Amino acid sequence: MRTSPPFRADHVGSLLRPAALLRARETLTGDALREAEDEAIRDVVRKQQEAGLQSATDGEFRRASWHMDFIYRLGGIGQAADEHITVRFHNEQGDIEFTPAALRVHDRIRLTEPIFADDFAFLRDTVGTAVPKLTIPSPSMVHYRGGPAAIDPEVYPDVEEFWRDLSAAYAEQVRRIGALGCTYLQFDDTSLAYLNDPAQRAELAGRGDDAEHMHLRYIRQINAALAAKPAGMTITTHMCRGNFRSSWAAAGGYDFVAEALFGELKVDGFFLEYDDERSGGFEPLRFVPPGKMVVLGLVTTKRGELESKDTLKRRIDEAAKYIDLDQLCLSPQCGFSSTVEGNQLTEDEQFAKLRLIAETAQEVWG
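Reading the values: the criteria
Residues numbered from 1 in each chain as written. Predicted model: local features only at pLDDT ≥ 70, side-chain atom pairs only at ≥ 80, totals over all residues. Heavy atoms only, no water. 1 Å grid on protein atoms, 1.4 Å probe; cavity = no way out; pocket = protein on both sides within 12 Å on 5 of 7 lines; lining within 4 Å. Points joined across faces, edges and corners; volume = space filled by probe spheres on them. Helix = DSSP H or I, 4+ residues; strand = E, 2+ residues; numbered from the N terminus. Nonpolar A, V, L, I, M, F, W, Y, C, P; charged D, E, K, R; others polar. Buried < 20%, exposed > 50% of the residue type's maximum accessible area, 1.4 Å probe, protein only. Pairing = 2+ DSSP bridges. Right-handed = clockwise from strand over helix to strand, strands pointing away. Phe/Tyr/Trp six-rings, centres within 6.5 Å; stacked < 30°, edge-to-face > 60°. Lys NZ or Arg CZ within 6 Å of the ring centre and 35° of its normal.

K.L.:
Would you take a moment to explain the layout of surface pockets for this structure?
P.N.:
Empty pockets left among the atoms are what a rolling probe the size of a water molecule brings to light. Volume-wise, the largest pocket comes out at about 850 Å³. Put simply, the parts of the chain that give the lining of the largest pocket at least two residues each are strand E3 (87–91), strand E5 (101–110), helix H5 (140–146), helix H8 (198–206) and strand E9 (234–239). Empty space within the second largest pocket amounts to approximately 330 Å³. Forming the walls of the second largest pocket are 16 residues, and the residues nearest its centre are Asn-91, Glu-92, Ser-246, Lys-302 and Arg-303. Across the lining of the second largest pocket, the residue classes break down as one nonpolar, seven polar and eight charged.

K.L.:
How should I be thinking about the pairing of strand E11 (residues 293–299) in this particular structure?
P.N.:
The two faces of the sheet receive side chains in turn, since in a regular strand these alternate between them. Among the seven residues of E11, seven are classified as buried, and the element is accordingly described as predominantly covered. Pairing analysis gives five bridges linking strand E10 (residues 269–273) to E11, with the strands arranged parallel. Bridged to Phe-270 within E11 is Val-294. In the classification by handedness, the crossover that spans E11, the intervening helix H11 (residues 309–319) and the parallel strand E12 (residues 328–332) is right-handed.

K.L.:
I'm lost on the packing of aromatic side chains in this one. Help?
P.N.:
Each pair of aromatic rings is reported with the distance of its centres and the angle of its planes. What the rule picks out here adds up to 13 aromatic pairs. Aromatic side chains Phe-89 and Phe-244 sit 5.4 Å apart centroid to centroid with 50° between the ring planes, which places their arrangement in the tilted category. In this pair, Phe-89 sits in strand E3 while Phe-244 sits in the loop between E9 and helix H10 (255–264), placing the two residues 155 residues apart along the sequence. Each of the two residues, Phe-89 as well as Phe-244, counts as buried. Here Tyr-274 and Phe-282 contribute two aromatic rings whose centre-to-centre distance is 4.6 Å and whose plane-to-plane angle is 55°, an arrangement assigned as tilted. Its relative accessible area of 6% is what places Phe-282 among the buried residues. The structure contains a cluster of three or more aromatic residues connected by ring pairs, namely Tyr-144, Tyr-156, Phe-162, Trp-163, Tyr-194 and Tyr-218. The aromatic ring of Phe-256 is capped on one face by Arg-201, whose charged end is 3.9 Å from the ring centroid.

K.L.:
Sorry if this is basic, but what is going on with empty space enclosed by the protein here?
P.N.:
In total, this model carries two cavities of 30 Å³ or more according to the counting rule given. In this structure, the largest cavity spans a volume of roughly 40 Å³. In terms of lining residues, the largest cavity is bounded by Gly-13, Thr-57, Asp-58, Glu-60, Arg-63, Leu-123, Lys-133, Leu-134 and Thr-135. Here the lining of the largest cavity is built from residues that sort into two nonpolar, three polar and four charged. In this structure, the second largest cavity spans a volume of roughly 30 Å³. Lining the second largest cavity, in full, are Asp-58, Glu-60, Phe-61, Arg-62, Arg-63, Phe-116, Asp-119 and Leu-134. By residue class, the composition of the lining of the second largest cavity is three nonpolar, no polar and five charged.

In structure tokens, the structure reads:
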């Protein structure tokens, strides 16, 4: 067993909101809602530990979305008035559209206070044997969501100043959350996975971005945010191709970004989506340097059917042809509820998958 994260059996972060919590979100506000969230988080932390996990999150139970609840709390960023973006997701039955509010960088980006500080402190004080894990969107998501059009040119006539301020705000967030005792922080990032999809790169090029080199920019900015990370803090990144109501937005293996991503991004581990053919093969793992961990997301969160241990073990063996087995761990491919709506499976199915991951990891790594 590993004694530091990422662990042999781990999970991405978000969990299905219990029915009682969903009702509370519709009817309660203020302290009453927070008490309902506290109760639900205590229960879900206990269930993660009972499933055999060494880390625990709060399930992102206080959020509506995995990323925008954080991004809108950065100083200088807000919702664009009467503007929305359309994200098309795909599933086996067809397509669905997600139309969130567009964001606007209307002032200099800054960290006015540590984001999710109270949420992390509650999680820290709630866990028993598990390591408390905090998940936040990576700096890339601020740019990928809106692109150049989202940045007020009067605020940032030089786009390099935007990037400097963004990374500085994130660096301060990392420092402040570390001061609260956070030793396991995850940057969630769909952009670095989306960029493997030629259709996504074409979309970025159409709005004026240098799509062929965008991943290099994102890697530099994340590295700048992590340059002064606290001693003893493990930072991972999770990459997926979209996760909304059991649907996905992009496809393609990691080949396009792999060499730069694995060789240059200064994180301690990579959570990689690998639950179906959309994610490509394991060959890009040959670029992962010694000492970096890869958490194979072999268990899908998009449907409730339970994978077989034999299949999971066979795929771990396949991955180990390109990277040392000791550098591998196991997890779901994404969160179970990246937005409050959640994916199309039950809580019982969710925890069955987490138990499967813990049992399989125990049998593979001991």
